[in-house]
Amino acid sequence: ERLAEDHIRAKRLAVAINEMSNYSVELDAVHSNIVLISTPEGAAKSVVSSLAEQGVDIIDIHDSQVRAVTHLHITDEDIERTIAAFSSTQ
């Protein structure tokens, strides 16, 4: 039952990041609490580092994609902070 909240938060994060010029998310593929985010070519590690400096933990999948996961400890405020952090890295 609680997992549904994670899915809602993941979708909110995906939609907001997809609206940013430097990132894209295949929104139809967001069916769970995992969001795969495409970055400019070769920028994934830099994005991970920049977000880490702002207290947002994500991982790079390869040089142009990162992964964010929502879970029990992620709040609506965390989602908004993550959206702001992504926005500041553009």
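As shown above, the structure is provided for reference.
Residues numbered from 1 in each chain as written. Predicted model: local features only at pLDDT ≥ 70, side-chain atom pairs only at ≥ 80, totals over all residues. Heavy atoms only, no water.

**A look at helix α1 (residues 3–18)**
Relative to the 22 Å expected for 16 residues at 1.5 Å per residue, α1 spans 22 Å between its end C-alpha atoms, a close match to the ideal helical length. Among the residues of α1, Asp6, Arg9, Ala10, Leu13, Ala14, Ala16 and Ile17 are the ones counted as buried. Buried residues along α1 sit against β1 (34–38), β3 (65–69) and α3 (76–88). (Helix = DSSP H or I, 4+ residues; strand = E, 2+ residues; numbered from the N terminus. Expected span 1.5 Å × (residues − 1). Buried < 20%, exposed > 50% of the residue type's maximum accessible area, 1.4 Å probe, protein only. Contact = heavy atoms within 4.5 Å.)

**Digging into the packing of aromatic side chains**
In total, this model carries one aromatic pair according to the counting rule given. Ring centres 5.2 Å apart and planes at 90 degrees place the aromatic pair Tyr23 and Phe86 in the edge-to-face group. Taken together, the residues Tyr23 in the loop between α1 and β1 and Phe86 in helix α3 connect sequence positions 63 residues apart. The class for Tyr23 is buried, based on a relative accessible area of 4%. In this structure Phe86 comes out as buried when scored by relative accessible area, which is 0%. (Phe/Tyr/Trp six-rings, centres within 6.5 Å; stacked < 30°, edge-to-face > 60°.)

**Quick notes on the nonpolar core**
Ranked by internal contacts, the top residues of the largest apolar core, which has 25 residues, are Ile17, Val35, Ile37, Ile58 and Phe86. For this core, the secondary-structure elements that each account for two or more residues are α1, β1, α2 (44–53), β3 and α3. Of all the elements, α1 adds the most residues to this core, at five residues. Excluding its chain neighbours within four sequence positions, the residues that come into contact with Ile17 are Tyr23, Val25, Ile37 and Phe86. (Core = buried A, V, L, I, M, F, W, Y, C linked by side-chain atoms within 4.5 Å.)

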